[in-house]
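The lines below spell out each chain.
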Amino acid sequence: MKYGWSMALSAVLLAHFCFWWYTNGVIDRFVAAFTKHIATTKLAEFPHPDFSLSEPPSEYARENATFVTLCRNYETYEMLESIQIVEDRFNHKYHYDWVFLNDNEFTPEFRSAVAAVVSGTAYFGRVPERHWGYPDWINQTYAAEVRQQMENDEIIYGGSESYRHMCRFESGFFFHHPIVQRYKYYWRVEPGIKLYCDIDYDVFKMMRQAGKKYGFAISLYEYSNTIALLWSTVLNFMKANMDMINTGDDSMNEFILDYGYDNESVEKPHPLQASYNLCHFWTNFEIADMDFFRSEQYTRLFEYLDLSGGFFYERWGDAPVHSIAVGLFLNKSEVHWFGDVGYYHVPYMLCPLDYGLRLKNRCSCDPRKDFSFEMYSCTGHFLDITGQQKPLLSV
């Protein structure tokens, strides 16, 4: 019984003490002091960025640019997710157009769903049959045998016929499509991609003002068994067209060429004596000046490759074709790495390594999963040859 009275007395005293604490402002002073402590420690350690992103005025002078997407009707919801991400992270401020291409007609459902979420104007086009089929010089029986063998060998997309049509179209024709033809710059967006960071500048205006012709997010090595004869075909083209090849000091050819040694003090041999190191820009994210693809030198390279049949007799991708062209024809100063965008396409991620940049751009990616400087990536090689410093991880 005495323990019960003792506990009751303790409760009464505690209640009086809390009442006194409250009426004398002790709680308020404690909360204020704690808040001040948090403000002077956390915010000093992690400076709060300016999150305000000014909206361009209504008369904002957009570049002659568009998004371009090659997709199919069954990818509607993956596409809507990609559009929403790009709009939220970038295009809600600039309202650039969007061109959707398909080897079949888009359904009314696809058109209405997509048009409802883009902030610019949505255009829908069909790929001409001549750009999504076999040219006259292709032996389709042999092409089918190659696909079967590659499928048996478990080569990625090795047995796919449509994948080969897609790679050929993206290599040589998309920029000539009547709808796309009216634009100079393009940003390729695929279904299911993600952007993890705000992009608070006009990427197309940056490309023009900085004199950039090609931009990428992720680079890596190609599967050698998909392009066994690609480089020998390119070498034959180079021998016949050396006047078109950029061999200057600023040439991008260092990105794609393997001379067999790393001795920088020794003069490098002629590009015709080099092999292909398999580095390529991953073209599912590509921001480029399409006048480069429409140029005489690129056109002649593509036509030469196309006549060889390699898109069907092997499994040449548009990524190595674009990348080899960049290496042969452009200067280092004309190529840009969009290392600040925060990008994902299965299975690789680009995530900015700098903590301050991630905070400023409201990035939601994990930098520890960044692929940029992994062993299978070529981005470190790109930064080396262009004299840029590799960013360091900060968390």
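See the structure shown above.
Residues numbered from 1 in each chain as written. Predicted model: local features only at pLDDT ≥ 70, side-chain atom pairs only at ≥ 80, totals over all residues. Heavy atoms only, no water.

> Any chance you could explain the state of the cysteines here in plain terms?
Working definition of a disulfide: a covalent bond connecting the sulfur atoms of two cysteines. Taken as a whole and judged by the stated rule, the model has 3 disulfides. Disulfide pairing is shown between C197 and C363; the S-S distance is 2.0 Å. The sign of the S-S torsion, about 120°, decides the handedness of the disulfide formed by C197 and C363: right-handed. In this pair, C197 is assigned in the loop between β5 (194-195) and α7 (203-210) and C363 in the loop between α14 (355-360) and α15 (379-385), connecting sequence segments 166 residues apart. In this model C351 forms its disulfide with C365; the gap between the sulfur atoms is 2.1 Å. Taking the torsion about the sulfur-sulfur bond, which here is approximately 80°, the covalent link between C351 and C365 counts as right-handed. Here C365 lies in the loop between α14 and α15 and C351 lies in the loop between β14 (348-350) and α14, a separation of 14 residues in the sequence. We note that C351, like C365, is buried. Cysteines bonded in the protein are numbered consecutively along the chain; their disulfide partners then correspond to 1-4, 2-6, 3-5. (Disulfide = S-S within 2.5 Å. Helix = DSSP H or I, 4+ residues; strand = E, 2+ residues; numbered from the N terminus. Buried < 20%, exposed > 50% of the residue type's maximum accessible area, 1.4 Å probe, protein only.)

> Looking at this model, I keep getting lost on the sheet that holds strand β11 (residues 286-289). Mind explaining?
Strand order in this open sheet of 7 strands is β3-β2-β1-β4-β11-β6-β12, and the pairing throughout is mixed. The sheet is open, and its two edges are formed by β3 (122-126) and β12 (335-337), each paired on a single side. In this sheet, neighbouring strand axes are inclined to one another by 20° on average, regardless of whether the strands run parallel or antiparallel. As paired strands, strand β1 (residues 65-70) and strand β4 (residues 185-188) are joined by 4 bridges and run parallel to one another. By the bridge assignment, V68 is partnered in β4 with R188. In this fold helix α3 (residues 76-91) packs onto β1, β2 (97-102) and β4, with an angle of close to 160° to the strand it touches most, β2. Strand contacts of α7: β1, β4, β6 (214-216), β11 and β12, with the helix running at about 130° to β4, the strand carrying the most contacts. (Pairing = 2+ DSSP bridges. Axes fitted to C-alpha atoms, helices over the stretch in contact; angles between N-to-C directions. Contact = heavy atoms within 4.5 Å.)

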